[in-house]
Amino acid sequence: MPGPHLLLVVVVVVAGCLIKTASGFANGKVSQACGNMIPQHGHDSSSKPAPYNITLDKHTFSPGDHITVTLLVAPTSGSISFKGFLIEARDAGNPDGPAVGSFSLLNPSESQLLHCGHTQGSAVSHTSKSKKTEIQAVWEAPKNPPAGVQFMATVVQKYKVYWVQIPGPVVSLNGATGVPPPNPTPTTTTAAVTTTLSALTRPFSSEGCGRSKSCLRDPVGCDPGRDPLCFFLSFTPEERTVLFELSGPADGYLSFALSLDKWMGNDDVYLCVRDGDSVDINAAYASGRTHPELASENVLSDTAWRLADGVIQCRFRRDILLPRQIESRFNLDQSYFLFIAHGRAEDGVIYRHDRQPLISTHQTVITGPPENLAGSRSSLLIKFHGVFMLVAWMTTVTTGVIIARYFKHDWPETRLFGRRLWFQVHRVLMTLTVLLTCVGFSLPFIYRGGWSRHAGSHPYLGCTVMALSFIQPIMALLRPATDSSRRYIFNWMHLGTGTIARVLAVVAIFLGIQQQALLLPGPWSTGVLAGCVVWGVLVDLLLEFHSKVVIVTGRTLAEDEEKILGTHSDSERQRKVSRFKKIVLAVFLVGNVGFLSVLLNTIRNV
């Protein structure tokens, strides 16, 4: 049974454990750009002369020969570096054709091979967004090469500044005739089409929600025109289009998605990304749990945006039905779940969302009747995970420990199923704790389908608590008899294991309410949880003080009174002590249930 001061320390310790992380996606795995070599950044390539050159160590070759290819900053460009690149070799007579030959790496820390077409290693790209001034790779000629091979590169200086298919030298096959001259300009220069944007003159409003337009809001019923913390999505069907309005507080980007299920992946995504003092609005597609890929076709019209007080607002129209050749876009006459997400962006590059996305509770037809939609940022399974763990480690285990620690000598003649009442109550509460922990422990794994890589130390602590929860009842079943000489070993092991389990469980719960999957509003929710822990510690301290000071002093006075007066006051003193402890237990349960109810209601509303 844990000393109360250990749990009090937990409240202070967990404050340093609440750390949030975000991750980006500049890993250079751009195989989808192999064909036209256009990065899907949603912006046109630069029209200025490229400040980068491609050089070779040979100008003729035979099948199987190796040529060192160097991409570097032009001598006249000064110290202009680049972050991303894609290098390919093409048939000089057909530069729009597939990549020719294969590469091997000379800078494996900064470059990687890509599988373009049917050849492994037929292109080279970056591994990170670190600044570079020179990259080298070795190209191997194929067995049946064309008469001339031209090297070309797409180079990204920063997200919005890049050059597509920068032409390099042409190398000639030995003995070949009619080698085409170098292609002086790239044959494919079209990037993703962008839309002319205009600025909104006033904020959006929730007026008409449920009557003339459908709305998804967080908090429920908020008005983006009045509440800067309101996340708001509305859509209004028109004759052939749907008007979308999106608003919310965000540092870098705000987005929403249409999804066939409640899992991120294979979704039709729409991004409003802040870029300095303006907002870029683009359609994208998320394949699996990956970074969204911007659409190459422009499907949005009448785009407009507004930035004010940290709030991003964007508006656009989209056709209800799109041509079949436009892939990855959903028709709007079907029913979908709606996601709203936001996060950080840098140079137009979006990072992993800051919070769990707001997901509508049910599917809705985008062109259907107007309605007020409800949403949640947490899965029902994760909510039950939080509920079971809170009930187990904030209420049942604490009550069970208090019963075992301070009520052994109460109800001395009362038995339940042949055992003393305190023991049966303690055993029932601890069994319930183990059962709740087992069920709660399994729910995140069911929800995630495995281990979560973004949950920090929380799952490790949870696994430790789960293991200790199993050890406790096993030790209890194997405990020696009360009068055994080895009983003290069991007592200390039982005490130590239980104390460690309770401390780790409390730490895990503090970390758990900061997880994206169940992020409770702070800091007040953390304060309520801390109050629940402190409340249990204070009750434990009070009962400990009462048992060590008041009871011992009262017993001594009673013995003296009995010797002098010959009276028998021990039974009356026991009744008073028992009455006091029962009152304290009742007060503890009322307070504990109060704290617990606030936390459970908060989870329900997340």
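As a reminder, the structure under discussion sits directly above these lines.
Residues numbered from 1 in each chain as written. Predicted model: local features only at pLDDT ≥ 70, side-chain atom pairs only at ≥ 80, totals over all residues. Heavy atoms only, no water.

## Side note on the overall build of the protein
A tally of helices and strands in the protein yields 7 helices and 28 strands. Counting every position in the protein, which comprises 606 residues, the buried fraction comes to 48%. For the protein, the share of sequence-separated contacts (at least 6 apart) that also reach a separation of at least 24 residues comes to 65%. Working note: accessible area of the protein is about 29400 Å², and carbon and sulfur atoms make up 59% of it. (Helix = DSSP H or I, 4+ residues; strand = E, 2+ residues; numbered from the N terminus. Buried < 20%, exposed > 50% of the residue type's maximum accessible area, 1.4 Å probe, protein only. Contact = heavy atoms within 4.5 Å. Areas by Shrake-Rupley, 256 points an atom, 1.4 Å probe, with all protein chains shown as cover.)

## Re the side chain of serine 259
The residue serine 259 is located in strand β15 (residues 253-259) in this model. In contact with serine 259, other than residues within four places in its own chain, are Asp267, Tyr336, Phe337, Phe339 and Gln363.

## Let's talk about the sheet that holds strand β9 (residues 148-158)
Overall, mixed pairing links the 6 strands, which are arranged β2-β10-β9-β4-β7-β6 in an open sheet. The open sheet terminates on both sides in strands that have one partner only, identified here as β2 (60-61) and β6 (111-116). Inspection of the sheet shows β2 paired to strand β10 (residues 161-173) by 2 bridges, in the parallel sense. Of the residues in β10, the one forming a bridge with threonine 60 is serine 172. (Pairing = 2+ DSSP bridges.)

## Things to note about helix α4 (residues 458-477)
Think of an α-helix as 3.6 residues a turn; residues three or four steps apart then line up on the same face. Its 20 residues give α4 an end-to-end C-alpha distance of 30 Å, which sits within 8% of 28 Å, the value for a rise of 1.5 Å per residue. Of the positions making up α4, those classed as buried are His458, Pro459, Leu461, Val465, Met466, Leu468, Ser469, Gln472 and Met475. The secondary structure elements touched by the buried residues of α4 are α2 (380-406), α3 (421-448) and α5 (487-512). (Expected span 1.5 Å × (residues − 1).)

## Quick look at the packing of α4 against α5
Two elements in contact, α4 and α5, have axes separated by 9 Å at closest approach and are oriented at 155°. In terms of orientation, α4 and α5 fall into the roughly antiparallel class. Crossing handedness for the pair α4 and α5: left-handed. Here the residues of the contact of α4 with α5 sort into 15 nonpolar, 7 polar and no charged. (Axes fitted to C-alpha atoms, helices over the stretch in contact; angles between N-to-C directions. Parallel < 35°, antiparallel > 145°, perpendicular 65-115°, else oblique. Left-handed = near helix turned anticlockwise from the far one by under 90°. Nonpolar A, V, L, I, M, F, W, Y, C, P; charged D, E, K, R; others polar.)

## A few points about a nonpolar patch on the surface
On the surface, a nonpolar cluster with roughly 480 Å² of combined accessible area is contributed by Phe470, Ile474, Leu477 and Leu478. Relative to the helices and strands, phenylalanine 470 resides in helix α4. The exposure class of phenylalanine 470 is partly exposed, given its relative accessible area of 44%. (Patch = residues over 30% accessible without salt bridge, like charges linked within 9 Å, V, L, I, M, F, W, Y side chains within 5 Å. Salt bridge = Lys/Arg side-chain N within 4 Å of Asp/Glu carboxyl O.)

## So, the state of the cysteines
Overall, the coordinates contain 4 disulfides when judged by the stated rule. Between cysteine 209 and cysteine 215 runs a disulfide, and the two sulfur atoms are separated by 2.0 Å. Classification of the bridge connecting cysteine 209 and cysteine 215 rests on its S-S torsion, roughly -80°, and on that basis the disulfide is left-handed. A disulfide bridge connects cysteine 272 with cysteine 314, and the sulfur atoms are separated by 1.7 Å. Because the sign of the S-S torsion sets the handedness, a value of about 65° for the bond joining cysteine 272 and cysteine 314 places this disulfide among the right-handed ones. Here cysteine 272 is found in strand β16 (residues 267-275), whereas its partner cysteine 314 is found in strand β20 (residues 311-319), with 42 residues between them in sequence. Each of the two residues, cysteine 272 as well as cysteine 314, counts as buried. With cysteine numbering restricted to those in disulfides and following the sequence, the protein has the pairing 1-2, 3-4, 5-6, 7-8. (Disulfide = S-S within 2.5 Å.)

## A few points about the side chain of threonine 398
Looking at the element boundaries, threonine 398 is found in helix α2. Residue threonine 398 is classed as buried on the basis of its relative accessible area of 8%. Within polar-contact distance, the side chain of threonine 398 engages the backbone oxygen of methionine 394 at 3.4 Å. Among all residues touching threonine 398, those that are not within four sequence positions of it are Trp393, Arg502 and Phe588. (Polar contact = N/O pair within 3.5 Å; in protein donor to acceptor, adjacent residues only side chain to side chain.)

## Description of the environment of serine 206
Tracing the backbone shows serine 206 in the loop between β11 (198-199) and β12 (214-218). A relative accessible area of 14% places serine 206 in the buried class. Here the alpha-carbon distance between serine 206 and glycine 221, two residues 15 residues apart in the chain, equals 8.2 Å. If we skip the residues at most four places from it in the chain, serine 206 touches Arg217, Cys222, Asp223, Pro224 and Phe232.

## Some remarks on the pairing of strand β8 (residues 134-140)
Of the strand pairs in this sheet, strand β3 (residues 66-73) and β8 are connected by 7 bridges, and their pairing is antiparallel. Each bridged residue has a counterpart across the sheet, and for leucine 72 the counterpart in β8 is glutamate 134. In this sheet, β8 lies alongside strand β5 (residues 102-105) in antiparallel orientation, the contact comprising 4 bridges. Bridging from a neighbouring strand, serine 102 pairs with glutamate 140 of β8.

## Topic: the pattern of salt bridges
Scanning the entire structure with this criterion turns up 11 salt bridges. As a salt-bridge pair, glutamate 346 and lysine 129 come within 3.5 Å of each other at their nearest N and O atoms. Of this pair, glutamate 346 sits in strand β21 (residues 335-346) while lysine 129 is found in the loop between β7 (119-126) and β8, placing the two residues 217 residues apart along the sequence. Note on lysine 129: relative accessible area 36%, which makes it partly exposed. A single salt-bridge network, built from bridges that share partners, covers Glu238, Asp302 and Arg317.

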